[in-house]
Amino acid sequence: MKKKVFATLLAVSMIASMVPAAVSVQAADGDSIRLVNGKIEVDAQLKKLAEMYEKETGTKVEIESMGGGIDIQGTLKGYYQSDNMPDIFVNGSGADFANWTDMLVDMSDQDWASDTDAAYVDESQGTIGFPYTTEAIGLAYNKDILDKAGIDPSTLTSPDAIKEAFETIDSKKDELGLTAVVGYAAEPVNLYWSTGNHLFGTYLDEGLDRDDTTYIDMLNDGGKLDEGRFTDFANFVGLLNQYSDPALLVSGTYDQQILNFSSGKYAFVTQGSWIGATMVGDDADAYKEAGNFEVGMIPYAFEDGQDTILTSSPSWWSVYKDGNVEAAEAFLQWLTTDEAQEVLVKEAGFVSPFKSCKQKRHPHGTGQFQVSKKVSHRTIQVRYLLTMHLEALMKLDL
């Protein structure tokens, strides 16, 4: 199943001397494997899983996490040229997978492949991407702040409503103890990946059915844009600029952005469901001091009536054909077990893409949040508590 993907492919020529020394390690051999992970915020949780797996099976799993401004694909190309490829590595888009044509293992025969709708499937190469998580993208909010400001988040499904909420909160910023209404960044080094991928992705997909590719098709046809829709989107981005923390806007980092939100300094933050791992991990003390407030999510509603949160797998893990394939496949299969899913869901804050997962991200057992769905926010909100677990009463667009 090919995913709707927008990517600008920049050809990069990498040589071995350009590989960062800090992350260069020897390729796996025998009863050991190496995994390159692109989500630095869950490094600790993945290393915990590696320890659990080694204790259970004797196979050592080395977790090599990259994030922030690191060019992961460029680094992997350098590894390839120096014969230092990992056994498992991350791919985030069709352009990434295209770098490794005919070098990846078809995992369609694995048990997990029939337990999910979120695998990356290529028409000619088969199932070449293991979906380790599903994520939700939207404008996260501090529920305590909105309550104190008298704002009902379920009404925020239009740009005018969001603008009015921003204005109300801004007028009470001092009494609410806020640095800014929203933590948003447009700088080109540390947070471009969020603004460029997550926010721009809403122009392409917000408010559409899952299989509606209207705007990505236009973009792929010579860079065409829908003038009216793009103008509305640009105006919404301007609203974020207007009410963002100036210090974060032009020179911030992900760590600063989430720490300030965890500390109760922003009412809103432009990220997604993955921030839970940081809030209850690195930022746990600040989050506790701020009252362990409930966190919710509203759509990036840049046009009236947009009431859905975008969900999908952010990236996939692939197995390198010339690596330790058998051990790599065994580890990925083990990650779908209940003991591994408990760590990924409850500690890493992931939404499991596997239908058999028993670990629920909300306490009332209304069903697992699946990658193939969009969550409607017409009358309710996705909310997550300390570990960003989704609560009940979700309305799924089946």
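What you are looking at is a predicted structure, and each value in this text was computed from that prediction instead of being measured.

**Some points on the sheet that holds strand β1 (residues 32–37)**
Part 1 of the reasoning: Pairing within the open sheet is mixed, and its four strands lie in the order β2-β1-β3-β11. Bordering the open sheet on either side are β2 (60–65) and β11 (316–319), each of which pairs with just one other strand. Taken over all neighbouring pairs, the strand axes of this sheet differ in orientation by 25° on average, direction set aside.
Part 2 of the reasoning: As judged from the six bridges shared by β1 and β2, these two strands associate in the parallel manner. Paired with N37 across the bridge in β2 is S65.

**Some points on the nonpolar core**
Part 1 of the reasoning: Of all hydrophobic cores here, the largest spans 55 residues; its most connected members are L156, F166, I169, F268 and I275.
Part 2 of the reasoning: With six residues, the top contributor of residues to this core is helix α9 (residues 227–243).
Part 3 of the reasoning: In contact with F268, other than residues within four places in its own chain, are L139, A140, Y141, L146, L156, F166, I169, V181, V182, G183, F261 and I298.
Part 4 of the reasoning: Of all hydrophobic cores here, the second largest spans 47 residues; its members include F331, L332, W334 and L344.

**Points about the pairing of strand β10 (residues 308–312)**
Part 1 of the reasoning: With respect to burial, β10 is a largely interior element, four of its five residues being buried.
Part 2 of the reasoning: Bridge analysis of strand β6 (residues 135–142) against β10 gives three bridges, and the strand direction is antiparallel. Bridging across to β10, E135 finds its partner in S312.

**Side note on empty space enclosed by the protein**
Part 1 of the reasoning: Considering all chains together, one arrives at one cavity of 30 Å³ or more under this definition.
Part 2 of the reasoning: Lining the largest cavity are T133, T134, E135, S273, W274, A348, G349, F350 and V351.
Part 3 of the reasoning: Here the residues of the lining of the largest cavity are counted per class, giving four nonpolar, four polar and one charged.

**Concerning the pattern of salt bridges**
Part 1 of the reasoning: On inspection of all chains with the given rule, the structure shows ten salt bridges.
Part 2 of the reasoning: K355 is paired through a salt bridge with D117; the nearest N and O atoms lie 3.3 Å apart. Pair noted here: K355 is in the loop between α15 (338–347) and β12 (375–376) and D117 is in the loop between α3 (94–98) and β4 (120–122), with a separation of 238 residues, a long-range link.
Part 3 of the reasoning: Owing to a relative accessible area of 44%, K355 belongs among the partly exposed residues under this scheme.

**Topic: the environment of P159**
Part 1 of the reasoning: Position of P159 among the secondary structure elements: in helix α5 (residues 159–171).
Part 2 of the reasoning: Taking the C-alpha atoms as reference points, P159 and E303, 144 residues apart in sequence, are found 6.0 Å from one another.
Part 3 of the reasoning: Beyond its immediate chain neighbours, meaning those up to four positions away, P159 contacts L239, A301, F302, E303 and D304.

**Quick word on unusual backbone geometry**
Part 1 of the reasoning: In the Ramachandran plot, D102 falls in the positive-phi region, its phi being about 65° despite a non-glycine side chain.
Part 2 of the reasoning: Among the structural elements, D102 can be located in the loop between α3 and β4.

**Overview of the packing of aromatic side chains**
Part 1 of the reasoning: Tallying each qualifying case throughout the model produces 25 aromatic pairs.
Part 2 of the reasoning: Aromatic pair F166 and F268: ring centres 5.2 Å apart, planes at 55°, arrangement tilted. Linking F166 in helix α5 with F268 in strand β8 (residues 266–272), this pair joins segments that are 102 residues apart in sequence. Take F166 and F268: they sit in the same class, and that class is buried.
Part 3 of the reasoning: On the numbers, 5.6 Å between centres and 85° between planes, the contact of F261 with F293 is edge-to-face.

Cut-offs and rules
Residues numbered from 1 in each chain as written. Predicted model: local features only at pLDDT ≥ 70, side-chain atom pairs only at ≥ 80, totals over all residues. Heavy atoms only, no water. Pairing = 2+ DSSP bridges. Helix = DSSP H or I, 4+ residues; strand = E, 2+ residues; numbered from the N terminus. Axes fitted to C-alpha atoms, helices over the stretch in contact; angles between N-to-C directions. Core = buried A, V, L, I, M, F, W, Y, C linked by side-chain atoms within 4.5 Å. Buried < 20%, exposed > 50% of the residue type's maximum accessible area, 1.4 Å probe, protein only. Contact = heavy atoms within 4.5 Å. 1 Å grid on protein atoms, 1.4 Å probe; cavity = no way out; pocket = protein on both sides within 12 Å on 5 of 7 lines; lining within 4 Å. Points joined across faces, edges and corners; volume = space filled by probe spheres on them. Nonpolar A, V, L, I, M, F, W, Y, C, P; charged D, E, K, R; others polar. Salt bridge = Lys/Arg side-chain N within 4 Å of Asp/Glu carboxyl O. Phe/Tyr/Trp six-rings, centres within 6.5 Å; stacked < 30°, edge-to-face > 60°.

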